[in-house]
Amino acid sequence: MPTFRAPRGTRDLLPDETPTWTRLERLASDLATRYGYRRIETPMFEQTAVFERGVGEVTDIVEKELFRIAPRSEEAESWSLRPEPTAGIVRAYVQHGMQTWPQPVKLSMTGSMFRYDRPQAGRYRQFWQFDIEAIGDPGPAVDAEIIELGSRYYRDAGLEGVEVLLNSIGDAACRPAYIAELRAHYRDRIDALPPVERDRLDRNVLRLLDSKDPAMTAINADAPRITDHLCEDCATHFADVRAHLDALGVPYRLEPGLVRGLDYYTRTAFEFYLHGREGQQQALGGGGRYDGLVELLGGRPTPGIGFGIGLDRLVLALEEQGRGSSAGAGAPTAVVVGADPADTASRLRIATELRAAGITARADLARRKLGKQLEGASRDGAHFAIIVGDELAAGEVQLRDLPAGTQKVVPVADLAREVARSHAAHRHGPGASD
Ligand code: AMP
């Protein structure tokens with residue numbers, strides 16, 4: 001038999017890891033709701049043209065990393081797995097006439113993205129993003145709202161040392177002149193450019209600015225800065241975004257080299273980094289304004305802004321800080337065990353009644369001796385073992401508090417209430433940690 005493995009660049013999230021993921025997904029959904037962002041789900045694949053137009057053909061994401069789906073011969077369409085959420089969400093905005101809804105339309109999605117990247121730590125071929133989009137608001141206040149929301153997400157997740165890097169990349173009015181000047185800067189130094197960067201010079205010169213190639217550090221240090229070339233409208237917008245962030249007390253650092261890899265961005269661009277990790281191409285998350293995107297995908301000109309926060313890198317960072325999955329997460333409150341190994345029906349019935357009453361309970365369904373069943377309950381980290389024995393004829397069971405080592409007889413009719421009460425008293429009692 002061949003040995004099957006998860007495809008390269010993908011991972012199975014095992015039950016010991018998933019409590020952290022569940023917590024982060026819930027936090028994302030709670031925060032999105034609290035800020036008025038409503039859930040949307042779009043397909044995991046779209047017509048390739050949605051990404052070619054919406055992300056940009058001269059980007060790594062489309063040129064090298066797009067997961068193309070080989071079409072069946074009778075289907076002429078070309079599809080690709082989504083490498084990022086914004087293009088699909090904006091496609092949905094246009095398709096469903098969301099321009100006629102009250103603006104802005106505030107949307108959120110958390111799900112898998114796919115990039116045919118070279119796998120390495122923190123870089124996978126399937127990864128998860130928490131995404132936020134506000135479509136139909138030109139800012140600048142909503143720009144600050146979104147950056148503050150992203151910062152809060154990391155803080156509430158328990159990650160320390162997250163920094164916001166901020167820039168403005170101008171718009172169609174001021175960027176062309178800047179790009180011409182930037183290109184001239186690199187042309188003057190063409191002999192020093194690494195071949196990859198030389199190749200990008202004519203196609204997407206902005207990308208050279210955030211190159212991580214050490215040879216580019218000196219060349220980029222004295223490159224013209226977009227923020228010195230903003231038109232009046234963009235400069236005002238940028239100043240207003242900063243003023244709003246200051247008013248909210250959100251710290252940020254201006255980073256003139258931050259351009260983001262996607263063509264559709266205008267004006268505000270930002271990334272979240274762990275302090276001291278800025279150089280490693282390992283942004284925790286990022287986003288920006290995309291005032292040209294709705295029109296590119298066939299809608300009326302409509303401004304928009306959003307972010308994508310990578311959950312995989314957040315989990316890695318939390319683990320590094322010792323804040324990953326907590327041991328014992330998912331332990332049952334009660335395990336129902338029995339003196340008669342064969343009487344699985346009674347154990348299952350009592351566990352079912354506890355579950356119906358909202359209690360996390362497991363029945364030991366193995367036909368093994370009571371001692372073994374009790375060992376299993378302790379190993380699970382259960383708070384209670386419920387021992388079904390002869391008392392059952394009188395409608396009673398033994399309730400054993402495993403950490404305390406105490407035991408008492410409880411009528412089955414009162415069992416759920418008694419377990420809930422004792423469990424709550426234990427969790428909230430003196431010295432309780434949660
Ligand atoms: P980007 O759209 O490239 O700015 O990505 C937004 C966020 O998604 C990044 O900051 C990462 O946290 C995450 N991300 C992007 N690509 C990958 C990948 N290949 N593997 C894991 N996370 C990724």
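Every value quoted in this text rests on a predicted model; they were computed, and no experiment measured them. In every chain, residue numbers begin from 1 and rise along the written sequence. Per-residue local features of the predicted model are confined to residues with pLDDT of at least 70, and side-chain atom pairs are confined, for both listing and counting, to 80 or more; whole-chain, interface and lining totals are unaffected and use all residues. By convention in this description, side-chain values take in all heavy atoms of the structure and omit both hydrogens and water.

Trainee: How would you sum up the overall build of the protein chain? Please name residues and give values.
Mentor: Looking only at helices and strands, the protein chain features 15 helices and 16 strands. It is over C-alpha atoms that the radius of gyration is taken, and the globule rule equals 2.2 Å times the number of residues to the power 0.38. A compact globule built from 434 residues would reach a C-alpha radius of gyration of about 22 Å, whereas the protein chain, at 28 Å, exceeds it by more than 25%. Overall size of the protein chain, expressed as C-alpha extent along the three principal axes, is 90 × 60 × 45 Å. Exposure is judged per residue with a 1.4 Å probe applied to protein chains only, and the accessible area is read against the type maximum: over 50% gives exposed, under 20% gives buried, and values in between give partly exposed. By residue count, 48% of the 434 residues in the protein chain fall in the buried class. Contacts in the protein chain between residues at least 24 apart in sequence constitute 69% of all its contacts with a sequence separation of at least 6. Total accessible area computed for the protein chain in this model is approximately 21300 Å², and 51% of it derives from carbon and sulfur atoms. Across the protein chain, 54 positive and 63 negative side-chain charges occur, with their mean positions spaced 4 Å apart. Secondary structure elements are defined from DSSP: runs of H or I of at least 4 residues count as helices, runs of E of at least 2 residues count as strands, and each element is numbered from the N terminus. We call two residues in contact when some of their heavy atoms are within 4.5 Å. Here the accessible surface of atoms and residues is derived via Shrake-Rupley with a 1.4 Å probe, and residues count as covered only by protein chains that are part of the display. Asp and Glu count as negative and Lys and Arg as positive, but His and the ends of the chain are not part of the count. Charged side chains are reduced to one point each, which is NZ for Lys, CZ for Arg, CG for Asp and CD for Glu.

Trainee: Outline the sheet that holds strand β13 (residues 361-363), listing residues and values.
Mentor: Should DSSP find at least two bridges between two strands, the strands are regarded as paired. Pairing within the open sheet is mixed, and its five strands lie in the order β13-β12-β14-β15-β16. Edge positions in the open sheet fall to β13 and β16 (406-411), since each of these has one partner strand only. The mean angle between the axes of side-by-side strands here comes to 25 degrees, regardless of whether they run parallel or antiparallel. Here strand β14 (residues 384-388) pairs with strand β15 (residues 396-401) via four bridges, running antiparallel. By the bridge assignment for β15, Ile387 is matched with Gln398. The axes used here are C-alpha line fits, helices contributing only the stretch in contact, and every angle between their N-to-C directions lies in the interval 0 to 180 degrees. Helix α13 (residues 344-356) contacts β12 (334-338), β13, β14 and β15 of the sheet and is inclined by roughly 170 degrees relative to β13. Here helix α14 (residues 370-379) sits on the sheet in contact with β12, β13, β14 and β15, set at roughly 175 degrees to β12.

Trainee: Let's hear about the site of the ligand: which residues, and what values?
Mentor: The environment of the ligand is made up of 14 residues, and the closest members are Arg115, Tyr124, Gln129, Ala283 and Leu284. Between the ligand and Arg115 there is a distance of 2.8 Å, counted from an oxygen atom to a side-chain nitrogen or oxygen. Looking at the shell around the ligand, the elements with two or more residues in it are β6 (126-135) and β11 (304-310). Under this grouping Gly is polar, as are all residues other than the nonpolar Ala, Val, Leu, Ile, Met, Phe, Trp, Tyr, Cys and Pro and the charged Asp, Glu, Lys and Arg. For the shell around the ligand, the class distribution of residues is four nonpolar, five polar and five charged. Note on terminology: near, applied to a residue and a molecule or strand, indicates that one of the residue's heavy atoms is within 4 Å of it. Any N or O atom pair separated by 3.5 Å or less is treated as a polar contact, with the protein-specific requirement of one donor-capable and one acceptor-capable atom, and with residues adjacent in sequence counted only for side-chain atom pairs.

Trainee: Account for the packing of helix α1 (residues 18-34) against helix α5 (residues 141-157), with residues named and values stated.
Mentor: As a packed pair, α1 and α5 sit with axes 10 Å apart at the nearest point and diverge in direction by 145 degrees. Considering only the axes of α1 and α5, their crossing is right-handed. Judged by residue contacts, Arg23, Leu24, Leu27, Ala28 and Leu31 of α1 engage Leu149, Arg152, Tyr153, Asp156 and Ala157 from α5. Residues of the contact of α1 with α5, tallied by class, amount to seven nonpolar, no polar and three charged. By the definition used in this description, the sense in which the near helix is turned from the far one sets the handedness, with an anticlockwise turn below a right angle giving left-handed and a clockwise turn giving right-handed.

Trainee: How would you sum up the pattern of salt bridges? Please name residues and give values.
Mentor: The term salt bridge refers to a side-chain nitrogen of Lys or Arg lying within 4 Å of a carboxyl oxygen of Asp or Glu. A full pass over the atoms with the stated rule returns 22 salt bridges. Where Glu353 meets Arg349, a salt bridge forms, and the shortest distance between an N and an O atom there is 3.4 Å. Note that Glu353 and Arg349 are positioned in helix α13 at a spacing of four residues, about one turn of the helix. Look at the salt bridges and you will find they share partners, linking Asp143, Arg289 and Asp291 into a network.

Trainee: Which residues make up the packing of aromatic side chains, and what values do they have?
Mentor: Ring pairs shown here join Phe, Tyr and Trp side chains whose ring centres sit within 6.5 Å, with only the six-membered ring taken for Trp; geometry is labelled stacked below 30 degrees between planes, edge-to-face above 60, and tilted in between. Per the stated rule, a full pass over the model turns up 10 aromatic pairs. On the numbers, 5.3 Å between centres and 85 degrees between planes, the contact of Phe67 with Tyr116 is edge-to-face. One end of the pair, Phe67, is in the loop between α3 (60-63) and β3 (68-69); the other, Tyr116, is in the loop between β5 (105-114) and β6, and 49 residues separate them in sequence. Classification of Phe67 as partly exposed rests on a relative accessible area of 23%. Classification of Tyr116 by relative accessible area gives partly exposed; the value is 45%. For the pair Phe130 and Phe307, a centre-to-centre distance of 5.5 Å together with 85 degrees between the ring planes defines the contact as edge-to-face. In this pair, Phe130 is assigned in strand β6 and Phe307 in strand β11, connecting sequence segments 177 residues apart. In this structure Phe130 comes out as buried when scored by relative accessible area, which is 0%. Each member of the aromatic cluster is reached from another via a ring pair, and the members are Phe130, Tyr153, Tyr154, Phe270, Phe272 and Phe307. Directly above the aromatic system of Tyr124 lies the positively charged group of Arg11, at a separation of 3.8 Å from the ring centroid. Definition used: whenever NZ (Lys) or CZ (Arg) falls within 6 Å of the ring centre and also within 35 degrees of the ring normal, the charge is taken to sit over that ring. Here the guanidinium or amino end of Arg125 rests over the ring plane of Tyr116, the centre of that ring lying 4.0 Å away.

Trainee: Report on the packing of α5 against helix α10 (residues 232-248), specifying residues and quantitative values.
Mentor: α10 packs onto α5 with a crossing angle of 45 degrees between their chain directions and a minimal axis gap of 8 Å. On the basis of the axis angle, α5 is oblique to α10. In the packing of α5 onto α10, the handedness of the crossing is right-handed. Mapping the contact onto sequence places Ala141, Asp143, Ala144, Ile147 and Glu148 in α5 and His237, Val241, His244, Leu245 and Leu248 in α10. Split into classes, the residues belonging to the contact of α5 with α10 amount to six nonpolar, two polar and two charged. An angle counts as roughly parallel when it lies under 35 degrees, as roughly antiparallel when it exceeds 145, as roughly perpendicular when it falls between 65 and 115, and as oblique in every other case.

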